[in-house]
Amino acid sequence: MAESVVTFLVDRLTALLEEEAKLLSGIRDQVEDLVNELEHIKAFLRVADAKEDSDPQLKVWVKQVRDVAHEMEDALDKFRLFHSHDHGHGFRGSFHKLSCIIKKWKANHRISDDIQRINSKIKSLYEGHERYNLVDQAGSSSARLVLHHRIGQGDALLLEEADLVAIGEHKQKLIELLMKEDTERQVVPVVGMGGLGKTTLVKQVYEDPKVQKRFKVHAWITVSRPFKINQLLRHMINKIFKVITKPVPEDGEVETMDDDNQLRERIKKLLQNSRYLIVLDDIWHIPDWEVINHIMPNNNRGSRVMLTTRNVNVASASCFGNHDMLYHLEPLSPEDSWTLFCKKTFHGESCPPNLEEICRSILMKCRGLPLAIVAISAVLALKDKRIVDEWTAVCGSIGAEIAGNDQLENMKKLLYLSYRDLPYHLKSCFLYLSIFPDLYKIEHMKLIRLWLAEGFVIGEEGRTPEEVAESYLRELLNRSLIQAAETSTDGRVKSYRIHDLLLEIIILISREQNFAALEKGQGAIWPEKVRRLSIVNTLQNVRQQRTPSRLRSLLVFGVEDSLTDFPIPKWFPRCLQLLTVLDLEGARLDMFPSEVVKLLLLRYLSLRHTKVREIPSSIKKLQNLETLDLKHSHVVELPAEILNLKRLRHLLVYRYEVESYARFNARKGVKVPAGICGLQSLQKLCFIEANQYSGASMAELGRMNQLRRLGIYKLREEDGVTLCSSVENMTNLRSLSVSSLEKDKIIDLSHISQAPPFLQRLYLAGRLENLPRWISSLQHLVRLFLKWSRLTEDPLVHLQGLPNLVHLELLQVYEGESLHFSAGGFPSLKLLGIDKLDELQLVTIEEGAMPCLEKLIIQRCKLLKKVPFGIEHLTNLKLLEFFDMPDELIMALQPDGGEDHSKVAHVAAVYYSYWRGGGWDVYSLVNDVESSNLGTSAVRRLERNILWKV
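Residues numbered from 1 in each chain as written. Predicted model: local features only at pLDDT ≥ 70, side-chain atom pairs only at ≥ 80, totals over all residues. Heavy atoms only, no water.

**Description of the overall build of the chain**
Counting secondary structure elements, the chain contains 31 helices and 28 strands. Scored against the burial criterion, the 950 residues of the chain give a buried share of 55%. Restricting the contact set of the chain to residue pairs at least 6 apart, pairs at least 24 apart contribute 63%. Counting only carbon and sulfur atoms, one obtains 48% of the accessible surface of the chain, whose full area is about 41200 Å². (Helix = DSSP H or I, 4+ residues; strand = E, 2+ residues; numbered from the N terminus. Buried < 20%, exposed > 50% of the residue type's maximum accessible area, 1.4 Å probe, protein only. Contact = heavy atoms within 4.5 Å. Areas by Shrake-Rupley, 256 points an atom, 1.4 Å probe, with all protein chains shown as cover.)

Quick look at the structure:
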């Protein structure tokens, strides 16, 4: 982790050398010298990272390096702070300017002294590395290999003792994949986070008599990292020799082979004429897989390769072109988790009633991770069942148990390996998750904006910082370090969560490294030099704490104390000048905190879900601000001074007045000053009221060609042509939302000749004379919401060819009597919502239409008295929801309704009776459906999944 701190500092210093030549007058040589010294020390830190845990002295050295890097970063920001003051105008401004010149002259001298002092410290640290033998990289690699191997064995043995609850189904599915009649060599990767029992599961499959009989040649290879390929090849040869009952050559031929190619050829010869099974346990990276993959021949005998990995990318790469073979191992269900927990904690007996509530709370923190359940159970099994306080203490301090209990050491090290394997830039990003409280759903874009403000995102040519941060999140997701908590219908992850025990581990690391601390009001003392601080629920304990001296980020979660009565400077009177992140989301705050405008280095400011009504003109002082989040606040107008914030990238200023079925119609925007287009760095501008704008101002929006998301509210009909012209210039636009001034007012968007090529989400609320033809050209469109369009022409004709459309909602869109879904139309659609089509009487679905549809929602269509004709063709349908529909339709669906509209209608009727409590025996009806001629696979699938609401 120290390497990431030093690298971050080197990047900042390098940028300073490139961008701030004037500021560095007289000290440039010193800065360059410092960069050189830091580059040298980085190389040793990479080696030290592998040995730090096993060498206490080395750990002290790494901590010293980290502290010096933080010290230099602070000095650098104080230097920037002195050069960022606004001098004002007139005599007072001139006097202030003269005062600042003197202060800046002092600042230059101070930074020069700081650099000289820190440079001296770094040279001393650099010279001290030799006593720790950091240059012995081979020794380091061996140490890590041994450590990795030992931990892996410990995990397998620990889980084998658990008798593998619920393994039967997983084992059977994997055996079926291995036994498939396919002559091609196939790869079966098993992927999941550390501690799920991948190794144990695959071992059970590997040792199954049926498998051993089918694959006469088989070998189990543990691929620990980093590995030497020739050692791994020799190991593989020895394993194969043993299983084919052929003695290993006594002349030591294999052991003396130094040429990797010779070893590869020997393996190919051994495997060429046999149906073989090779298990590669614990592969971490794609290059490791590629090295081994080419060794094993495709001999057209139905051979198989199985591998275990924590990395989805590795799993996907290994079975490229045949993802049906990829097996995701999921956590245990709550029921199976409880079975395993009781088995290990109470030796197979039931949980005592006095402990059940607390035990279930402890178990919830394990989140179905078998290794965690077994490890925690081993601790609890030694506790007295009569002393509830001992059990309660474990639940309240899992982190402390992990840090201090030898019985949990194996689990800690196994999970810690995933963190250790991260590249330096992802370590900071992953540790940052420790600032969020338990059970918090980490919003996708919020996390990206926080990472940007913290400076964690490394720039890449041709990509925006936001796009780079997106790739970081995908990497953490693919490495099974974070999990998707909420996913939208178009596949985007809306929020994430982290496993409770992984969270506890990174909280420990964060505190130890002064990276971040979480204050829950439980009396814990945070480190004095902590750089990031989260406060949860209350400020009471904050008032008694010593002030941190290096605070960079301050976030609050669920704090109920009034910040208006007890303002921020009273919490931290001496440490906020270097603050870059201030997140006061949901705080009890009625007015904009005036002291905030003194935080000149602030990059991220959130007043989301507060009662703040007005933003002061002094906001212009925050020249470094990149994110201003006022979503769901009471702000209705922004001051003209907002235009001074040239670095602003994300401006969120909207709220929902009501929650509704089609939420996009309930957004309310704000008034922004003319000239907003001068903020050329903006990526997101949502939502602005257009009715205050002149046509010229609307035209100027076209200059904002960096925008990814634009939201326009209260668009006037006469401004439609101008907006179209502006949208044509926004070539990077991914999301566009436009609503009319009033419900029946026209929005004229038909004048776009070439739509933004990468547009993915489109929301239009207002009357359309015709459906804009350019919509049908949006090859990347995944979400389309139309409201109040009142079209006389069937819109499906122009929409059904959109190849990637996943989510479609139509609210008061069409005034015709029928909708027809043609075969082959909407090939990717998963959710269809039809609402308040007042003239609609008939919906027809041809076979082959909407083949991927999973959710169909129809509501408030008063003349629709029949179930959609052809609904039985929707073989992937999982949710069918009707709301506020005619009684005739409901009666037609009941089993005694007299009409057989469709096979699915009878199944729907079962669920209708169940939800309405109609007195029918739902199970008998289900049996009737299954035993009748209506029991097709489509019906059975719907029978399990339809949710019927009236």
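**Regarding unusual backbone geometry**
For the bond from cysteine 686 to phenylalanine 687, the omega torsion is -10 degrees, close enough to zero to count as cis. Positionally, phenylalanine 687 belongs in strand S18 (residues 684-689). Of note in the backbone geometry, leucine 439 takes a positive phi value of approximately 65 degrees without being a glycine. Along the polypeptide, leucine 439 turns up in the loop between helix H20 (424-431) and strand S6 (442-443). Take leucine 439: its relative accessible area is 58%, and that puts it in the exposed class. Positive phi, close to 50 degrees, is recorded for glutamine 812, a residue that is not glycine.

**A short note on the environment of isoleucine 229**
Relative to the assigned elements, isoleucine 229 resides in helix H9 (residues 229-243). If we ignore the near neighbours within four places in the chain, the residues touching isoleucine 229 are Asp260, Arg264, Val291 and Ile295.

**What about the sheet that holds strand S5 (residues 327-328)?**
The sheet built from 5 strands is open, its strands ordered S2-S3-S4-S1-S5 with parallel pairing. Looking at strand neighbours, the two that pair on one side only are strand S2 (217-222) and S5, the edges of this open sheet. In terms of strand pairing, strand S1 (residues 186-191) meets strand S4 (residues 304-309) through 6 bridges, oriented parallel. If you follow valine 190 over to S4, its bridge partner there is threonine 308. (Pairing = 2+ DSSP bridges.)

**Things to note about the sheet that holds S6**
Reading across from one edge, S6-S8-S7 is the order of the 3 strands in this open sheet, with antiparallel pairing throughout. At either end of the open sheet lies a strand with only one pairing partner, and these are S6 and strand S7 (483-487). With 2 bridges connecting them, S6 and strand S8 (residues 493-497) associate as antiparallel partners. Residue pairing in the sheet places isoleucine 442 in a bridge with tyrosine 496 of S8.

**What about the pairing of strand S28 (residues 879-883)?**
Side-chain direction in a regular strand flips from residue to residue, so the side chains alternate between the two faces of the sheet. Most of S28 sits inside the fold, with 4 of its 5 residues counted as buried. Bridge count for strand S27 (residues 855-859) against S28 is 5 bridges, and the pairing is parallel. Residue glutamine 859 lies in a different strand from S28, and its bridge partner there is phenylalanine 883.

**Some words on the nonpolar core**
Counting residues in hydrophobic clusters, the biggest one holds 113 residues, and the most contacted among them are Leu582, Leu605, Ile676, Leu762, Ile775 and Phe821. Membership of the second largest hydrophobic core comes to 97 residues, among which are Leu408, Tyr419, Leu481 and Phe557. (Core = buried A, V, L, I, M, F, W, Y, C linked by side-chain atoms within 4.5 Å.)

**A closer look at the pattern of salt bridges**
Considering all chains together, one arrives at 36 salt bridges under this definition. Put simply, glutamate 73 and arginine 552 hold a salt bridge, and the shortest N to O gap is 3.6 Å. Linking glutamate 73 in helix H3 (residues 56-82) with arginine 552 in the loop between strand S10 (532-536) and strand S11 (553-557), this pair joins segments that are 479 residues apart in sequence. Of the charged contacts in the structure, one is a salt bridge between aspartate 74 and arginine 552, with a shortest N-O distance of 2.5 Å. Pair noted here: aspartate 74 is in helix H3 and arginine 552 is in the loop between S10 and S11, with a separation of 478 residues, a long-range link. The class of arginine 552 is buried, set by a relative accessible area of 3%. Shared partners join several salt bridges into a network, and the residues in it are Glu73, Asp74, Asp77, Arg531 and Arg552. (Salt bridge = Lys/Arg side-chain N within 4 Å of Asp/Glu carboxyl O.)

**Concerning the pairing of S4**
The buried fraction of S4 is high, at 6 of 6 residues. Both faces of S4 are covered, namely the face carrying Arg304, Met306 and Thr308 and the face carrying Val305, Leu307 and Thr309. Following the backbone out of strand S3 (residues 276-283), through helix H12 (residues 286-293) and into the adjacent parallel S4, one traces a crossover that is right-handed. (Right-handed = clockwise from strand over helix to strand, strands pointing away.)

**Regarding the packing of aromatic side chains**
Applying the stated criterion to the full structure yields 15 aromatic pairs. Judged by centre distance (5.1 Å) and plane angle (75 degrees), the rings of tyrosine 440 and phenylalanine 557 are edge-to-face. Taken together, the residues tyrosine 440 in the loop between H20 and S6 and phenylalanine 557 in strand S11 connect sequence positions 117 residues apart. A residue is classified by how much of its surface remains accessible, and tyrosine 440, at 23% relative accessible area, is partly exposed. (Phe/Tyr/Trp six-rings, centres within 6.5 Å; stacked < 30°, edge-to-face > 60°.)

**Concerning the environment of isoleucine 505**
Positionally, isoleucine 505 belongs in helix H23 (residues 500-512). For the pair isoleucine 505 and leucine 415, spaced 90 residues apart in sequence, the C-alpha separation works out to 8.1 Å.

**Examining helix H16 (residues 370-380)**
Most of H16 is tucked away: 10 of the 11 residues are buried. Buried within H16 are the following residues: Pro370, Leu371, Ala372, Ile373, Val374, Ala375, Ile376, Ser377, Val379 and Leu380.

**Here we look at the side chain of arginine 708**
By the element assignment, arginine 708 lies in the loop between helix H25 (695-700) and strand S19 (709-715). The class of arginine 708 is buried, set by a relative accessible area of 16%. Every residue in contact with arginine 708, bar those within four places of it in the chain, is listed here: Thr464, Glu467, Gln683, Asn732, Leu733, Arg734 and Ser735.

**Some remarks on the packing of helix H21 (residues 444-454) against helix H22 (residues 465-478)**
Between H21 and H22, the shortest axis-to-axis distance is 10 Å and the interhelical angle comes to 115 degrees. Regarding H21 and H22, the two cross each other, and that crossing is right-handed. Across the interface between the two elements, His444, Met445, Leu447, Ile448, Trp451 and Leu452 of H21 pack against Pro465, Glu466, Ala469, Glu470, Tyr472, Leu473 and Leu476 of H22. Split into classes, the residues belonging to the contact of H21 with H22 amount to 10 nonpolar, 1 polar and 2 charged. (Axes fitted to C-alpha atoms, helices over the stretch in contact; angles between N-to-C directions. Left-handed = near helix turned anticlockwise from the far one by under 90°. Nonpolar A, V, L, I, M, F, W, Y, C, P; charged D, E, K, R; others polar.)

**What to know about the packing of H20 against H22**
It is at 11 Å that the axes of H20 and H22 come closest, and there the two elements cross at 80 degrees. The orientation of H20 relative to H22 falls into the category roughly perpendicular. Here His425, Leu426, Cys429 and Phe430 of H20 lie close against H22, whose contacting residues are Tyr472, Glu475 and Leu476. Tallied by class, the residues present in the contact of H20 with H22 amount to 5 nonpolar, 1 polar and 1 charged. (Parallel < 35°, antiparallel > 145°, perpendicular 65-115°, else oblique.)

**Quick word on the environment of threonine 308**
Among the secondary structure elements, threonine 308 is positioned in strand S4. C-alpha of threonine 308 to C-alpha of aspartate 282: the two residues are 26 residues apart in sequence and 5.1 Å apart in space. Among all residues touching threonine 308, those that are not within four sequence positions of it are Val190, Lys198, Thr199, Val202, Leu280, Asp281, Asp282 and Ile283.

**Details of the confidence of the model for the chain**
For the chain, the mean per-residue pLDDT works out to 80, and 77% of the residues sit at or above 70. Within the model, the stretch residues 659-665 combines pLDDT values under 50 with 18 contacts to residues more than four positions away or in other chains. Contacts of residues 895-950 to residues separated by more than four positions or lying in other chains number 80 contacts, the stretch itself having pLDDT below 50. (pLDDT = per-residue confidence, 0-100.)

**Here we look at H22**
Under the 1.5 Å per step criterion, the end-to-end length of H22 is 20 Å for 14 residues, consistent within 8% with the ideal 20 Å. Buried residues of H22: Glu466, Val468, Ala469, Ser471, Tyr472, Leu473, Leu476 and Asn478, and no others. The inward-facing, buried residues of H22 abut helix H13 (312-318), H20, H21, S8 and strand S15 (650-652). Of the residues one or two after H22, serine 480 is the one with positive phi, at around 65 degrees. (Expected span 1.5 Å × (residues − 1).)

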